[in-house]
Amino acid sequence: MTQFFALIIILFVFASIIILIKIKLTTLQILKNKELNNQENKLETTYQFIKGLF
């Protein structure tokens with residue numbers, strides 16, 4: 001019975017480590033996408049006077 005509980009605990013720890021790695025990879029992917037989309041829009045500086053009209 002003790003071996004059964006030990007096996008369950010080991011499987012639970014292994015599964016939680018895998019889930020944490022997947023979460024970390026997803027957050028890194030989101031941060032990389034955010035950095036790529038954070039570039040300055042060239043048209044925004046060219047047509048900035050239109051913003052003042054609204």
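Residues numbered from 1 in each chain as written. Predicted model: local features only at pLDDT ≥ 70, side-chain atom pairs only at ≥ 80, totals over all residues. Heavy atoms only, no water.

1. A short note on the overall build of the protein chain
Part 1 of the reasoning: For the protein chain, the helix and strand inventory stands at three helices and zero strands.
Part 2 of the reasoning: Reading the protein chain from its N end, one meets helices and strands in the order α-α-α.
Part 3 of the reasoning: Taking all 54 residues of the protein chain together, the buried fraction comes to 0%.
Part 4 of the reasoning: As displayed, the protein chain has an accessible area near 5800 Å², and 69% of this comes from carbon and sulfur atoms. (Helix = DSSP H or I, 4+ residues; strand = E, 2+ residues; numbered from the N terminus. Buried < 20%, exposed > 50% of the residue type's maximum accessible area, 1.4 Å probe, protein only. Areas by Shrake-Rupley, 256 points an atom, 1.4 Å probe, with all protein chains shown as cover.)

2. Looking at the confidence of the model for the protein chain
A low pLDDT score tells you not to read the predicted coordinates there in detail.
Part 1 of the reasoning: With 59% of its residues at a pLDDT of at least 70, the protein chain reaches an overall mean of 80.
Part 2 of the reasoning: Mean pLDDT across the elements of the protein chain ranges from a minimum in helix 3 (residues 48–53), with 60, to a maximum in helix 1 (residues 2–37), with 89. (pLDDT = per-residue confidence, 0-100.)

3. Notes on a nonpolar patch on the surface
Part 1 of the reasoning: The grouping of I9, F12, V13, I17, I21, L25, L28 and L31 at the surface amounts to a nonpolar patch, some 780 Å² of accessible area in total.
Part 2 of the reasoning: Take I9: it is sitting in helix 1.
Part 3 of the reasoning: The class of I9 is exposed, set by a relative accessible area of 52%. (Patch = residues over 30% accessible without salt bridge, like charges linked within 9 Å, V, L, I, M, F, W, Y side chains within 5 Å. Salt bridge = Lys/Arg side-chain N within 4 Å of Asp/Glu carboxyl O.)

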